[in-house]
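Chain residues, written in single-letter form:
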Amino acid sequence: MNCQESRELMSGYLEQYLTESQTALVTEHLAGCAECRQELADLDETLRVVRGMPEREPVFDMWPELAAMCADIRMELRLNPADRVRRWFVSFILAFKDGWAILLENVGFRASRST
Amino acid sequence: MSITDRTPMTARGNDLMPLMEQESDAVLVRRYLSGQDSAFEALFRRYQNPIFGFVSRMVRSEDAHDLTQDVFCKAMRALHTYRGEAKFATWLYRIARNVCLNDRRHKAVIREQSLDEMNESPGVAQVPDENADVERIVETHETQRVVNDILTQLTEEQRLLITLRDFRQLSYDEIADVTGISLANVKSKLHRARNAFKEKFKPHLELLREGR
Ligand SMILES: [Zn+2]
């Protein structure tokens, strides 16, 4: 086994998912190759650092907000198809109306009216 | 709404919750689908931290709460399609992966964010693991900053694989399931991702060793 082959197997070697014969070959190569031993140590230590990073957790209870969204979703899912289309259409029109209002504002609709 | 306006973590709304905490995912899914709405809250309580942990490594931390909620909204909409072949957690991670990748595709900002933004956003709590004896190594703020910075320099797929395996500790089979990448490819791609990470981390690793 050469260095490149041994390096490709290093994750498997550390996590012990290689076959017995692969493990034996890597072990044998490592015994005679200081550079690959260094590579293995680097990878091992780097992974320990990553895995030791503090867990990230939410800082507030997300449920109250989510519960409101869920209630909407349940209501929508329980509508019949025709009502669902109607509901979708209304929200589309409302979004369109908002978009239109913003656009008018941006092109100076108000300014031109006040002059 | 600012973060401080929101309900504290201790607030819990449901008296049935302690009973439901004992039940399997499959039972909770069935309960929800048969009309017991509170079963969904139990599923949320069970998986909010793993999903949040995943999402907060994949997107800007200021977006992590919103996107976690988004994941559960999508899960609720799709719950009737959940057949139970995959573990519920894996199924949920698959939704979370899609939500994060779609979000990043649209915003494409992850690389632009400043390091401090990612690490010190008030929206994310860092909870040290009491059992980790490597805490000594990573206790410095600097290391966290460097790790986060390097993650943003990797490809989206590399970041995804490292997050699933090395931050969330999913099995290789589960990762194959979540990503749709074959098991053999997960192994080789993850190894390449780790190598890319390791090379970028090397200068910092030297510093950590010198500091010991
Ligand atoms: Zn070698």
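The present account deals with the structure reproduced in this document. Computed from a prediction, not measured in an experiment: that's the story for all the values here.

Parameters and conventions
Residues numbered from 1 in each chain as written. Chains lettered and ligands numbered in written order. Predicted model: local features only at pLDDT ≥ 70, side-chain atom pairs only at ≥ 80, totals over all residues. Heavy atoms only, no water. Helix = DSSP H or I, 4+ residues; strand = E, 2+ residues; numbered from the N terminus. Contact = heavy atoms within 4.5 Å. Areas by Shrake-Rupley, 256 points an atom, 1.4 Å probe, with all protein chains shown as cover. Buried < 20%, exposed > 50% of the residue type's maximum accessible area, 1.4 Å probe, protein only. Donors = N, O, S within 2.8 Å, 3.2 Å for Na, K, Ca; no water. Tetrahedral: all angles 85-135°; square planar, octahedral: opposite > 155°, others 65-115°. Polar contact = N/O pair within 3.5 Å; in protein donor to acceptor, adjacent residues only side chain to side chain. Axes fitted to C-alpha atoms, helices over the stretch in contact; angles between N-to-C directions. Parallel < 35°, antiparallel > 145°, perpendicular 65-115°, else oblique. Left-handed = near helix turned anticlockwise from the far one by under 90°. Nonpolar A, V, L, I, M, F, W, Y, C, P; charged D, E, K, R; others polar. Arc of directions from axis to C-beta.

As for the overall build of chain A
For step 1, the next point in the chain: Counting secondary structure elements, chain A contains seven helices and one strand.
For step 2, the next point in the chain: Sequence-distant contacts in chain A: of pairs separated by 6 or more residues, those separated by 24 or more amount to 48%.
For step 3, the next point in the chain: For chain A, the exposed area adds up to about 7,400 Å²; of that, 58% sits on carbon and sulfur atoms.

Remarks on the environment of B:Tyr47
Residues and elements named next belong to chain B.
For step 1, the next point in the chain: Structurally, Tyr47 can be placed in helix α3 (residues 38-58).
For step 2, the next point in the chain: Judged by its relative accessible area of 14%, Tyr47 is buried.
For step 3, the next point in the chain: Sequence-wise, Tyr47 and Tyr93 are 46 residues apart; in three dimensions their C-alpha atoms are separated by 9.7 Å.
For step 4, the next point in the chain: Other than its neighbours up to four places away in sequence, Tyr47 contacts Asp25, Phe72, Phe88, Ala89 and Leu92.

Quick look at the coordination of the zinc ion
All names here are of chain A.
For step 1, the next point in the chain: Distances from the zinc ion to its protein donors, Cys3 (SG), His29 (NE2), Cys33 (SG) and Cys36 (SG), fall at 2.0 to 2.3 Å.
For step 2, the next point in the chain: What the four donor atoms of the zinc ion show is an angle range of 103 to 114 degrees at the metal, which sorts the shape as tetrahedral.
For step 3, the next point in the chain: Sequence spacing of the donors to the zinc ion: C-x25-H-x3-C-x2-C. Of this pair, Cys3 sits in helix α1 (residues 3-8) while His29 sits in helix α3 (residues 20-32), placing them 26 residues apart in sequence.
For step 4, the next point in the chain: Since its relative accessible area comes to 30%, Cys3 is described here as partly exposed.

Remarks on the side chain of A:Ser11
For step 1, the next point in the chain: Assignment of secondary structure puts A:Ser11 in helix α2 (residues 10-15).
For step 2, the next point in the chain: For A:Ser11, a relative accessible area of 1% gives the class buried.
For step 3, the next point in the chain: A distance of 2.9 Å separates the side chain of A:Ser11 from the side chain of B:Arg194, its partner in a polar contact.
For step 4, the next point in the chain: Those residues in contact with A:Ser11 that lie beyond four places of it in its chain are A:Tyr17, A:Leu43, B:His191 and B:Arg194.

Concerning the packing of helix α5 (residues 63-78) of chain A against helix α4 (residues 64-78) of chain B
For step 1, the next point in the chain: It is the contact of α5(A) with α4(B), at a shortest axis distance of 10 Å, that shows an interaxial angle of 25 degrees. Taken together, the axes of α5(A) and α4(B) lie roughly parallel to each other. In this structure, α5(A) meets α4(B) at a crossing whose hand is right-handed. On the side of α5(A), the interface is formed by A:Glu65, A:Leu66, A:Met69, A:Cys70, A:Ile73, A:Arg74, A:Glu76 and A:Leu77, while α4(B) contributes B:Gln69, B:Phe72, B:Cys73, B:Met76 and B:Arg77.
For step 2, the next point in the chain: Of the residues belonging to the contact of α5(A) with α4(B), the class tally is eight nonpolar, one polar and four charged.

As for the environment of B:Leu33
Residue and element names in this part refer to chain B.
For step 1, the next point in the chain: By secondary structure assignment, the location of Leu33 is in helix α2 (residues 25-33).
For step 2, the next point in the chain: Note: C-alpha distance between Leu33 and Arg46 (13 residues apart in sequence) is 17 Å.
For step 3, the next point in the chain: When residues no more than four places from it in sequence are discounted, the contact partners of Leu33 are Leu79 and His80.

Some details on α2(B)
For step 1, the next point in the chain: Listed as buried for α2(B) are B:Asp25, B:Leu28, B:Val29 and B:Tyr32. Within α2(B), the buried residues cover an arc of 100 degrees as seen down the axis, which keeps them to one side.

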